[in-house]
Amino acid sequence: MRFAAAWGSRDILDAILVRPDLVAEIRADRAIDRGGVFRHPLRFSRLRLDVTVKDVPGSTAAAG
């Protein structure tokens, strides 16, 4: 997988894919610019120790 360092940047970030063991609650803004890129980063809220990874729908189910 390849990830860009910033919007419009050609610099590529190294990424290490991991197996999820914890669930985190995040805050997200769905604003998208004309190029189809999210305008604001996700913000970490808290770990959800009361929820397991199996309780969370997959990323395709959460989109939309």
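Notes on the structure follow. Worth saying up front: this structure is predicted, and the values here are computed from it rather than measured.

1. Brief notes about the overall build of the protein chain
Piece 1. Of regular secondary structure, the protein chain possesses one helix and four strands.
Piece 2. Secondary structure elements of the protein chain occur, N-terminal to C-terminal, as β-β-β-β-α.
Piece 3. Evaluated residue by residue, the protein chain yields a buried proportion of 2% over its 64 residues.
Piece 4. Counting contacts in the protein chain only where the partners sit at least 6 residues apart, residues at least 24 apart contribute 28% of the total.
Piece 5. Summed over all atoms, the accessible surface of the protein chain reaches about 6,300 Å², with 55% contributed by carbon and sulfur.

2. A few points about a nonpolar patch on the surface
Piece 1. Together, Leu22, Phe44, Leu47 and Leu49 line one region of the surface with nonpolar side chains, adding up to about 470 Å² of accessible area.
Piece 2. Here Phe44 is to be found in strand 4 (residues 43-47).
Piece 3. Assessed through its relative accessible area of 54%, Phe44 is described here as exposed.

3. Topic: the layout of surface pockets
Piece 1. What the largest pocket holds in volume is close to 260 Å³.
Piece 2. Lining of the largest pocket is provided by Ala28, Asp29, Arg30, Phe38, Arg39, His40, Pro41 and Leu42.
Piece 3. Classifying every residue of the lining of the largest pocket gives four nonpolar, one polar and three charged.

4. What about the pattern of salt bridges?
Piece 1. Scanning all chains against the criterion turns up four salt bridges.
Piece 2. The partner of Arg48 in a salt bridge is Asp50, with the nearest N and O atoms 2.8 Å apart.
Piece 3. Using a relative accessible area of 59% as the deciding quantity, one classes Asp50 as exposed.
Piece 4. When salt bridges with common partners are traced through the structure, they connect Glu25, Arg46, Arg48 and Asp50 into a single cluster.

Rules used in this analysis
Residues numbered from 1 in each chain as written. Predicted model: local features only at pLDDT ≥ 70, side-chain atom pairs only at ≥ 80, totals over all residues. Heavy atoms only, no water. Helix = DSSP H or I, 4+ residues; strand = E, 2+ residues; numbered from the N terminus. Buried < 20%, exposed > 50% of the residue type's maximum accessible area, 1.4 Å probe, protein only. Contact = heavy atoms within 4.5 Å. Areas by Shrake-Rupley, 256 points an atom, 1.4 Å probe, with all protein chains shown as cover. Patch = residues over 30% accessible without salt bridge, like charges linked within 9 Å, V, L, I, M, F, W, Y side chains within 5 Å. Salt bridge = Lys/Arg side-chain N within 4 Å of Asp/Glu carboxyl O. 1 Å grid on protein atoms, 1.4 Å probe; cavity = no way out; pocket = protein on both sides within 12 Å on 5 of 7 lines; lining within 4 Å. Points joined across faces, edges and corners; volume = space filled by probe spheres on them. Nonpolar A, V, L, I, M, F, W, Y, C, P; charged D, E, K, R; others polar.

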